[in-house]
Amino acid sequence: SRMSVPKSPGLYLVTLNNSEPISVNAHDPRVAEKAIKVTRSNIKLGKAKNLASRLKNYEKTFGVENVNFRPLLVTDDIQAAEKVVLACVDQYRIRGRTGRKNEWLEGIEPAMAVEMLFDALDHAGINYQNLST
């Protein structure tokens, strides 16, 4: 539920409910068509300075009914945490039109991605407060 999303910096998991592809920039008509499109077969592990406001961004882009937002952890070191996480799921990252790797993933189950994320953070010795109980 929305009440449980803190306004703190941390990492999160997003899954979608839509089967029709939606642009990750659907909220911005100028770039919507150029951006990658995602469906319920994709997931995203991301970082936010404010988890609660990041949830609102996703709802604006994909529609409230399509967004499943799960805060995973709170940490003061989101930059380092994100680096570790993106490295551990690197092979699943989607490439955009320019060939640059995106934070959206394909071919991996959410539970597996979350498990890999916590293993990688523990291995890297990054301090965090686990929210995904």
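Below or above, wherever it landed, is the structure these notes cover. (Residues numbered from 1 in each chain as written. Predicted model: local features only at pLDDT ≥ 70, side-chain atom pairs only at ≥ 80, totals over all residues. Heavy atoms only, no water.)

Re helix H2 (residues 78–88)
Within the span of H2, buried status applies to Ile78, Ala81, Glu82, Val85, Leu86 and Cys88. The buried side chains of H2 occupy one side of the element, clustering within an arc of 160° when seen end-on. Residues of H2 that are exposed and point more than 90 degrees away from the buried face comprise Lys83 and Ala87. Considering only its buried residues, H2 is in contact with strand S1 (10–16), strand S4 (42–48), strand S6 (93–95), strand S7 (101–106) and helix H3 (110–124). (Buried < 20%, exposed > 50% of the residue type's maximum accessible area, 1.4 Å probe, protein only. Helix = DSSP H or I, 4+ residues; strand = E, 2+ residues; numbered from the N terminus. Arc of directions from axis to C-beta. Contact = heavy atoms within 4.5 Å.)

Points about the nonpolar core
Formed by 21 residues in total, the largest nonpolar core has its most connected members in Leu45, Leu117 and Leu121. Looking at this core, the elements that each hand over two or more residues are S1, S4, strand S5 (67–74), H2 and H3. Here the element with the most residues in this core is H3; it accounts for seven residues. If sequence neighbours within four positions are ignored, Leu121 has contacts with Leu11, Leu73, Ala81, Val84, Val85, Ile126 and Tyr128. Counting residues in each nonpolar core, the second largest holds 20 residues, with Val5, Phe62, Phe69 and Trp104 among its members. (Core = buried A, V, L, I, M, F, W, Y, C linked by side-chain atoms within 4.5 Å.)

Thoughts on the environment of Val74
Structurally, Val74 is set in strand S5. If we ignore the near neighbours within four places in the chain, the residues touching Val74 are Pro6, Ser8, Pro9, Gly10, Leu51, Tyr128, Gln129 and Leu131.

As for the environment of Lys101
Within the element layout of this structure, Lys101 appears in strand S7. Between the C-alpha atoms of Lys101 and Asp90, which are eleven residues apart in sequence, the distance is 8.4 Å. If we ignore the near neighbours within four places in the chain, the residues touching Lys101 are Asp90, Arg93, Ile94 and Arg95. Of note is the side chain of Lys101, whose polar atom sits 2.6 Å from the side chain of Asp90. (Polar contact = N/O pair within 3.5 Å; in protein donor to acceptor, adjacent residues only side chain to side chain.)

Brief notes about the sheet that holds strand S8 (residues 129–130)
In space, the six strands of this open sheet follow the order S6-S7-S4-S1-S5-S8, with antiparallel pairing throughout. Where the open sheet ends on each side, the last strands, each with one partner, are S6 and S8. Across three bridges, the pairing between S4 and S7 is antiparallel. What sits directly across from Ile43, in S7, is Leu105. Packed on one face of the sheet, H2 meets S1, S4, S6 and S7 and runs near 155° to S4. In the packing of H3 onto the sheet, contacts are made with S1, S4, S5 and S8, and the angle to S5 comes to roughly 15°. (Pairing = 2+ DSSP bridges. Axes fitted to C-alpha atoms, helices over the stretch in contact; angles between N-to-C directions.)

Quick word on the packing of H2 against H3
The contact between H2 and H3 brings their axes to 9 Å, and the two run at 125°. On the basis of the axis angle, H2 is oblique to H3. You can see that H2 and H3 cross each other, and the crossing is right-handed. Of H3, the residues touching H2 (which contributes Ala81, Val84, Val85 and Cys88) are Met116, Leu117, Ala120, Leu121 and Ala124. Looking at the contact of H2 with H3, its residues break down into nine nonpolar, no polar and no charged. (Parallel < 35°, antiparallel > 145°, perpendicular 65-115°, else oblique. Left-handed = near helix turned anticlockwise from the far one by under 90°. Nonpolar A, V, L, I, M, F, W, Y, C, P; charged D, E, K, R; others polar.)

So far we have only geometry, and geometry alone does not tell us how the molecule works.
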